[in-house]
Amino acid sequence: MIVPFLDLKAAYLELQQELDAVYQRVMNSGWYILGKEIEAFEQEFAAYCEAQYCIGVGNGLDALHLILRSLGIGPGDEVIVPANTYIATWLAVSYAGATPVPVEPDEMTYNINPDLIEVAITERTKAILPVHLYGQPADMDPINDLAHHYGLKVIEDAAQAHGARYKGRRTGGLGDAAGFSFYPGKNLGAFGDGGAVVTNDPYIADQVRVLRNYGSRVKYYNEVQGFNSRLDELQAAFLRVKLTKLDEWNERRKLAAQYYLDRLSQTDLKLPYVPEWVTPVWHLFVVSHPQRDKLKNYLDKFGLGTLIHYPIPPHLSDAYTGGLESNWKTNIYPITEAISNQILSIPIGPHLEQTKTTIVVETLLKVLKDDTI
Ligand SMILES: *Cc1c(COP(=O)(O)O)cnc(C)c1O
């Protein structure tokens, strides 16, 4: 592989001394679950998101699920989700026992199209769950306006957007609550699974705290049937180190993205579109081409790592084709399906050197110009 899609080990190597010291500190503390490290991380990450509360949980899917539970959303309720997202967004809703109601994306940004949300609202709708896909915030103002008008909650799926801004404000504080993932490949990634709920709502914060810990506030006193989903001390301590680098690493992603946008502007690739009111954090750099599969094959041959995010939309996955309510079974989501057939993620990350982005660009230019595809 000449340019791997993502180099996670490089993240460890850059911070090796600090991370190794943290490992020693936590191991020697003799305390591994719900201790000082998670408390400190929760404060630091809430401050980073410019929000009041952060609750560390087991992963991003649980973060979304526990937010829904904290709001009492369950069987019989509907939650509006993007048709064009990673399946975890839908699974969180299903997990809670509620029904995901998909809405097509905007063709430019790939994020949920606010203009299509209102017709999807019914008497059972309880929340809207926009995703900040690929690190670019969804258009939150019209979403919040609709939610306000219909008395709905707004839950951000911020799993790909740590540090991104919408009209100057950080993700995590743009709705009622947000779910973050610290899966290793995310912009803020742990060395294992992890996640967090971020909110300005003291009620949601309190409920999620209880729900993540067996429904218990006081040991062995269980007020509700909760779950076991806690960010552990070691991962919290690692994340504290990585959080100090997040802005710098997001900046490096941005430089690579700007370079791609400049140098690929004259090709027939469709490039990411960034509205002026967002500051994305470039979790992924996704191009689009009608001959995507051919293009991917050529790039594979040249040793360039590419991936598709995501090849099968949730509504076409086996997980959901059998389960949708009968009136949706004939529904298809043509914009989402077209996107999934044409998108390709090219390498981007805080440890992708300029020499590598140059190789990516030169290879793409060659393949596209040669008319090989
Ligand atoms: C990664 C991701 C999740 C789930 O996070 P996990 O930590 O893997 O559970 C949810 N939504 C989106 C959009 C994601 O990218």
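Notes on the structure in this doc start here. (Residues numbered from 1 in each chain as written. Predicted model: local features only at pLDDT ≥ 70, side-chain atom pairs only at ≥ 80, totals over all residues. Heavy atoms only, no water.)

1. Digging into the side chain of Thr267
Item 1. Summarising the element assignment, Thr267 is placed in the loop between α9 (246-263) and β12 (278-279).
Item 2. Engagement of the side chain of Thr267 in a polar contact is seen with the backbone oxygen of Leu264, the distance being 2.8 Å.
Item 3. A polar atom in the side chain of Thr267 sits 3.3 Å from the backbone nitrogen of Leu269.
Item 4. If we skip the residues at most four places from it in the chain, Thr267 touches Leu365 and Leu368. (Helix = DSSP H or I, 4+ residues; strand = E, 2+ residues; numbered from the N terminus. Polar contact = N/O pair within 3.5 Å; in protein donor to acceptor, adjacent residues only side chain to side chain. Contact = heavy atoms within 4.5 Å.)

2. Overview of the pattern of salt bridges
Item 1. Tallied over the full model, the rule gives 20 salt bridges.
Item 2. Note that Asp141 and Lys167 form a salt bridge whose closest N and O atoms lie 2.8 Å from each other. Of the two residues, Asp141 is situated in helix α6 (residues 140-150) and Lys167 in the loop between β6 (165-166) and β7 (169-170); the sequence distance between them amounts to 26 residues.
Item 3. Exposure remark for Asp141: the relative accessible area of 31% places this residue in the partly exposed category.
Item 4. Several salt bridges share partner residues, and in doing so they unite Glu14, Lys245, Glu248 and Arg252 into one network. (Salt bridge = Lys/Arg side-chain N within 4 Å of Asp/Glu carboxyl O. Buried < 20%, exposed > 50% of the residue type's maximum accessible area, 1.4 Å probe, protein only.)

3. Here we look at the state of the cysteines
Item 1. One pass over the structure, following the stated rule, counts zero disulfides.
Item 2. We note that Cys49 lacks a disulfide partner, and the nearest cysteine sulfur, in Cys54, lies 7.0 Å from it.
Item 3. By relative accessible area, Cys54 is classed as buried at 2%. (Disulfide = S-S within 2.5 Å.)

4. Brief notes about the sheet that holds β12
Item 1. An order of β7-β6-β12 is seen for the three strands of this open sheet, with the pairing classed as antiparallel. Edge positions in the sheet fall to β7 and β12, since each has one partner strand and no second.
Item 2. Bridge analysis of β6 against β12 gives two bridges, and the strand direction is antiparallel. Pairing of Arg165 across the sheet is with Thr279, part of β12. (Pairing = 2+ DSSP bridges.)

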